[in-house]
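Below are the chains, spelled out letter by letter.
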Amino acid sequence: MGKKNLFGLIALVGVLLLIPRFMGNPYYLGVLVWCGIYSLACMGLSLFMGYCGQISLGHAGFCALGAYISGILTTKCGFAPWPAMLVALLVSLVVGFALGRPALRLKGHYLAMATLGFGVIIYVVADGDPFSLTGGPSGFWGVPKLSVFGLVLNNEVRWYYFVWSIVLVVIVLLLNMVNSRVGRALKSIHGGETAAKAMGVNAARYKNQAFLLSAGLASVAGSFYAHYVGFVNPAPFSLVFSIHLVAMVVVGGRTNIWGAIAG
């Protein structure tokens, strides 16, 4: 992981532990919960954009898949929240694989347009409600709260500790990944795909893996959104949200996992 990353991680843990002691207003803790949820989506996108050198304007679609599948399964099919989230993650990975296989053969603006089209399709389907499941533009209420070891996440303090604990775990995993053989392969693809292939790097496989990981994290972020708010409608998952995610990654610094959190 490296000493700088380790010190940064320790500093972040210290700050996160101190914030609730000095910030008693639930509103500000709620804002930090949103920061944590967005950070999950942005870290995956940072890996895909900054390390792999690709671009996606469709990650709002994967967030929507996580939110809607979790919400529909728990409110209309009798699923418990955690199994519903797992199903949402698996579906998102399957969809990401089906999208990534053809789309990742494209480059630059063409790849951006292909992923943008995916995000727009998901939004249109959710908004149109062709299967009478999504509630159309009005959405639906009643998505249950998550519980962890019997503790229901029914206030901002609990959600704050839970979300940022997940963020810390993901940070550790991604930092170890980018400093491993996989990370070096992704960086070589960013530097020059043709040269990477000449050195024996399976560029297509690594790009697909990075895309699937970013799609999975976006799906988890969407599921957390649904269970935190208790309400799902299509408006938050429009093209604008995909652009916001890209902007967060770019502002924070594309070639650094920490930048996704800062952004």
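What you are looking at is a predicted structure, and each value in this text was computed from that prediction instead of being measured.

Trainee: Residues and numbers for the overall build of the chain, please.
Mentor: Scanning the chain from terminus to terminus reveals eleven helices and four strands. Relative to a compact globule of 263 residues, whose C-alpha radius of gyration would be 18 Å, the chain shows 18 Å and is just as compact. Projected onto its principal axes, the C-alpha positions of the chain cover 55 × 45 × 30 Å. In the chain, of all internal contacts separated by at least 6 residues, the share reaching a separation of at least 24 is 78%. With an accessible surface of roughly 12,300 Å², the chain has 69% of that area assigned to carbon and sulfur atoms. Distance between charge centroids for the chain: 20 Å, based on 16 positive and 4 negative side chains.

Trainee: I'd like a description of the side chain of H227, backed by residues and values.
Mentor: Residue position: H227 is located in helix α9 (residues 203-229). Here H227 is in contact with S70, T74, P81, M85, V143, P144, K145, L146 and W159, once residues within four sequence places are set aside.

Trainee: Pulling in residues and values, what's your account of the environment of F79?
Mentor: Examined against the element boundaries, F79 turns out to sit in the loop between α3 (59-76) and α4 (81-103). Separated by 123 residues in the primary sequence, F79 and N202 place their C-alpha atoms 39 Å from one another.

Trainee: How would you explain the packing of α3 against helix α10 (residues 239-252) if you had to name every residue and give the values?
Mentor: One can describe the packing of α3 onto α10 by two numbers: an axis separation of 7 Å at closest approach and a directional angle of 115°. Between α3 and α10, the interaxial angle falls into the category roughly perpendicular. Of α10, the residues touching α3 (which contributes H59, A60 and C63) are F241, S242 and L245. Taken together, the residues of the contact of α3 with α10 sort by class into four nonpolar, two polar and no charged.

Trainee: Please provide a residue-by-residue account of the packing of aromatic side chains, values included.
Mentor: Applying the stated criterion across every chain yields a total of 19 aromatic pairs. With a centroid separation of 6.1 Å and an interplanar angle of 75°, the aromatic rings of W82 and F162 are classed as edge-to-face. One end of the pair, W82, is in helix α4; the other, F162, is in helix α6 (residues 156-178), and 80 residues separate them in sequence. Each member of the aromatic cluster is reached from another via a ring pair, and the members are W34, Y38, Y68, W82, F140, W159, F162, F224, Y225, Y228, F237 and F241. Between K76 and the ring centre of F140, over which it is positioned, the NZ or CZ distance is 5.1 Å. Its guanidinium or amino end placed over the ring of Y206, R205 lies 4.9 Å from that ring's centre, counting from NZ or CZ.

Trainee: Lay out the side chain of S39 in plain terms, naming residues and giving numbers.
Mentor: For S39, the location among the structural elements is in helix α2 (residues 26-51). Exposure remark for S39: the relative accessible area of 2% places this residue in the buried category. Once you skip the residues sitting within four places of it in the chain, S39 turns out to touch W164, A260 and I261.

Trainee: Give a detailed account of the packing of α2 against α10, specifying residues and quantitative values.
Mentor: Between α2 and α10, whose axes approach to 9 Å, the crossing angle comes to 70°. By the angle between their axes, α2 is roughly perpendicular relative to α10. Where α2 crosses over α10, the handedness of that crossing is right-handed. When α2 is examined against α10, the residues Y38, A41, C42, L45, S46 and M49 are found in contact with a partner set consisting of F241, L245, V246, M248, V249 and V250. Each residue belonging to the contact of α2 with α10 can be placed in one class, and the counts come to eleven nonpolar, one polar and no charged.

Trainee: Tell me about helix α5 (residues 109-128), and name the residues and values.
Mentor: The periodicity of an α-helix, 3.6 residues per turn, causes residues three or four places apart in sequence to face the same way. A rise of 1.5 Å per residue sets the reference length of α5, with its 20 residues, at 28 Å; its end C-alpha atoms lie 28 Å apart and thus fit the reference within 8%. Buried positions along α5 lie against α2, α3, α4 and α9.

The rules behind these values
Residues numbered from 1 in each chain as written. Predicted model: local features only at pLDDT ≥ 70, side-chain atom pairs only at ≥ 80, totals over all residues. Heavy atoms only, no water. Helix = DSSP H or I, 4+ residues; strand = E, 2+ residues; numbered from the N terminus. Rg over C-alpha atoms; globule rule 2.2 N^0.38 Å. Contact = heavy atoms within 4.5 Å. Areas by Shrake-Rupley, 256 points an atom, 1.4 Å probe, with all protein chains shown as cover. Lys, Arg positive; Asp, Glu negative; His and termini not counted. Charge placed at Lys NZ, Arg CZ, Asp CG, Glu CD. Axes fitted to C-alpha atoms, helices over the stretch in contact; angles between N-to-C directions. Parallel < 35°, antiparallel > 145°, perpendicular 65-115°, else oblique. Nonpolar A, V, L, I, M, F, W, Y, C, P; charged D, E, K, R; others polar. Phe/Tyr/Trp six-rings, centres within 6.5 Å; stacked < 30°, edge-to-face > 60°. Lys NZ or Arg CZ within 6 Å of the ring centre and 35° of its normal. Buried < 20%, exposed > 50% of the residue type's maximum accessible area, 1.4 Å probe, protein only. Left-handed = near helix turned anticlockwise from the far one by under 90°. Expected span 1.5 Å × (residues − 1).

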